[in-house]
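Listed here are the chains, written in short residue letters.
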Amino acid sequence: MIAAQLLAYYFTELKDDQVKKIDKYLYSMRLSDETLLDIMTRFRQEMQNGLSRDFNPTATVKMLPTFVRSIPDGSEKGDFIALDLGGSYFRILRVKVSHEKRQTVQMETEIYDTPEDYMHGSGTRLFDHVAECLGDFMEKREIKDKKLPVGFTFSFPCRQSKLDEGYLITWTKRFKASGVEGADVVQLLNKAIRKRGEFDLDIVAVVNDTVGTMMTCAYEDPNCEIGLIVGTGSNACYMEEMRNIEMVEGDQGRMCVNMEWGAFGDNGCLDDIRTIYDKAVDDFSLNSGKQRYEKMISGMYLGEIVRNILIDFTKRGFLFRGQISEALKTRSIFETKFLSQIESDRLALLQVRTILQQLGLDSTCDDSIIVKTVCGAVSRRAAQLCGAGMAAVVDKIRENRGLEHLDITVGVDGTLYKLHPHFSKVMHQTVKDLAPKCDVTFLLSEDGSGKGAALITAVGCRLRDAEHN
Ligand code: GLC
C-alpha cells in the first residue's frame, strides 16, 4: 500500500473504533428531527409572548421595537459617521451616500482597540474611550468642524421609544461596564463628546447590528426583510406587522423588531436539551443564566463547549493519555478560526494535529480524530438550533401575510457564519426542512452593518427635517 492509502486505511479503522467509543458521550449533542420541530414550536411561542403587551414584561425573547419602519427606498443620501460597538471589532466609518446618476455608497473604515478593562470598567471610561477614538477619526479626516449625523450601531439589547434613544437592558457577550444598564446610550455618548469640547456630532439613530445588516442587504435586494448575526453573539431581526407589535401604538404598516433571540431558553424552556457542557460554559460566563440559546450557537461560546467536552473525555481517559494540560485548562483557547480550520474537509489529519500542537495540545492521531468529531458535533448542533429559530421567523412572516408560499431573503453577517466550513450549509438545510413553505435566500453582508446604520440615519434625518418644517 502506498503511504496515502495506508493513512486513509488507518484513518477509517481508527475512526470507526474511536467514534463508537465516544458516541455514547456525544449523544446528548445530537438533535432529532422531531426535537428540532419541537424547538421551532417553542420558539414561536416565545416570539408571541415578546410581542404581547401582557406577556412582554416577563418574556425572555424581548422582541424590541426599533422604530425602523421600512427598508431603504433608494432616495437616501448624505455624509454620515457610523459607529459600530459590540461585535468582534470596534469600528468607526465615514459613509457617503450620493445620487450622481445612480445611488452610490463610499466608505472609509478604521478599527480601534477596546481593551478588556474598558469593557469591564466604568461606563464613563468606556464612552470616554469611544469619544476619544471619534476625535482621532475626525482629526485624521479634518472634519472636526462638521456636525455630521451619526448612526450608532450598538449591538446589545436596547429599549427604544424612538430612533435616537436606546436604554440598555442588559450587557451581553464580552461587555460588563458599570453604570450603563438602564441608561440611554445616546445620552452617555453625547456627554462624553461634550466633555471633550473639540467637536460636535448629531446622534440620529441607535441601531442593532442585525438591523444594520438587514438594511445593508435590503439595499441590494428589496426582498431582504430579515437580518441575522452569527458571530461573537447571535441574534435576528425582521419586519413585523405593526398590528402584531402590541408594545407600540398604531396598526398600519410594518416595523423592524430586534428579537434578541439569544435569550431564548432563559426561562428554562430549553433545559431538556442543554447538556452538562452547556451548563459549565454558562456557569463560568460573565452573564450566567442569561443568553442560553446564544451560548449554544455563537462563536464566543462554541469553542468553550468543545473545551469542556475535551476535558471530560480526557478525565475519562479517551484523550491526551488522560492528562489535562495547562493549555486545555486555558479558557477561550478554541477561537472560531481554529474550530473552522479543524473542521475543514481539506485538512488532513496531520494538519489537525499541527493546529492542536500550535494551541499547546500535544495530540496523537487518535486524539485529533476525536477532537475533530467533537468540533463537528458542537457546530452541527449550533447550526441546527440557529436554523430552527430562523424557520420559526420565516414561517411567522408567511402566516402574517396570509401566504401559501413565501419568498424571502435574509441578510447575514458574523465571523462564525462566514468562516466556518459547514455552518451555513447545515443551517440552510434545517430551515428548508422545518419551513418547507418558504423559499429562503441567504445574502452575505459584505461591509458589516455600517452602511445599514448610515441608511437608517439618512431616513432619521429626513423625518427630523419633515418634523421641523
Ligand atoms: C448579542 C446582543 C445582540 C446582538 C448579538 C449579535 O446577542 O445581545 O444585541 O445583536 O449579540 O452581535
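Presented here is an overview of the structure given in this document. (Residues numbered from 1 in each chain as written. Predicted model: local features only at pLDDT ≥ 70, side-chain atom pairs only at ≥ 80, totals over all residues. Heavy atoms only, no water.)

**Structural notes on the overall build of the chain**
Assigned secondary structure in the chain consists of 16 helices and 13 strands. Each of the 469 residues in the chain was classed as buried or not, and the buried ones make up 58%. (Helix = DSSP H or I, 4+ residues; strand = E, 2+ residues; numbered from the N terminus. Buried < 20%, exposed > 50% of the residue type's maximum accessible area, 1.4 Å probe, protein only.)

**Some remarks on the sheet that holds strand 11 (residues 254-258)**
In space, the six strands of this open sheet follow the order 1-11-10-9-12-13, with mixed pairing throughout. Looking along the sheet, the strands with just one partner apiece sit at the ends: strand 1 (64-65) and strand 13 (438-444). Sheet analysis places strand 12 (residues 406-413) next to strand 13, joined by seven bridges and oriented parallel. Bridge pairing in strand 13 places Ile408 opposite Val440. Contacting strand 9 (224-230), strand 10 (234-241), strand 11, strand 12 and strand 13, helix 6 (residues 209-220) crosses the sheet at an angle of about 130° to strand 9. Lying on the sheet, helix 15 (residues 423-434) is in contact with strand 9 and strand 13; it crosses strand 13 at an angle near 160°. (Pairing = 2+ DSSP bridges. Contact = heavy atoms within 4.5 Å. Axes fitted to C-alpha atoms, helices over the stretch in contact; angles between N-to-C directions.)

**Things to note about the site of the ligand**
Lining the immediate environment of the ligand, one finds 15 residues, of which Lys173, Asn208, Asp209, Glu260 and Glu294 sit closest. Between Ser155 and the ligand, the recorded distance is 3.4 Å, taken from a backbone N or O atom to an oxygen atom. Within the side chain of Asn235, one N or O atom sits 3.0 Å away from an oxygen atom of the ligand. In the complex, 99% of the free accessible area of the ligand, which totals 310 Å², lies under the protein chains. Mapped by element, the contributors of at least two residues to the shell around the ligand are helix 6 and strand 10. (Near = heavy atom within 4 Å. Polar contact = N/O pair within 3.5 Å; in protein donor to acceptor, adjacent residues only side chain to side chain. Areas by Shrake-Rupley, 256 points an atom, 1.4 Å probe, with all protein chains shown as cover.)

**Remarks on the nonpolar core**
Core analysis: the biggest nonpolar cluster contains 116 residues, and Leu228, Trp261, Phe313, Phe334, Met390, Val393 and Phe423 have the highest contact counts within it. Ignoring any residue separated from it by four or fewer positions in sequence, one finds Val393 in contact with Phe43, Met47, Ile226, Tyr238, Met259 and Trp261. Among the nonpolar cores identified, the runner-up in size contains 36 residues, and Val130, Phe154, Ala192 and Ile203 belong to it. (Core = buried A, V, L, I, M, F, W, Y, C linked by side-chain atoms within 4.5 Å.)

**What about the packing of helix 6 against helix 16 (residues 450-468)?**
Between two packed helices, both the angle of their axes relative to each other and the distance between the axes serve to describe the pair. Remark: helix 6 packs on helix 16, axes separated minimally by 7 Å, with the N-to-C direction vectors making an angle of 85°. Taken together, the axes of helix 6 and helix 16 lie roughly perpendicular to each other. For the pair formed by helix 6 and helix 16, the contact residues are Val211, Gly212, Met215, Thr216, Tyr219 and Glu220 on the first element and Lys451, Gly452, Ala453, Leu455 and Ile456 on the second. Residue composition of the contact of helix 6 with helix 16, by class: six nonpolar, three polar and two charged. (Parallel < 35°, antiparallel > 145°, perpendicular 65-115°, else oblique. Nonpolar A, V, L, I, M, F, W, Y, C, P; charged D, E, K, R; others polar.)

**A look at the packing of helix 7 (residues 276-283) against helix 9 (residues 299-315)**
At their nearest, the axes of helix 7 and helix 9 sit 9 Å apart, and the two run at 120° to each other. Considered as vectors, helix 7 and helix 9 are oriented oblique to each other. As for the relative orientation of helix 7 and helix 9, their crossing is right-handed in sense. The segment helix 7 lies against helix 9, with Tyr277, Asp278, Ala280 and Val281 engaging Tyr301, Glu304, Ile305, Asn308, Ile309, Asp312 and Phe313. Residue composition of the contact of helix 7 with helix 9, grouped by class: seven nonpolar, one polar and three charged. (Left-handed = near helix turned anticlockwise from the far one by under 90°.)

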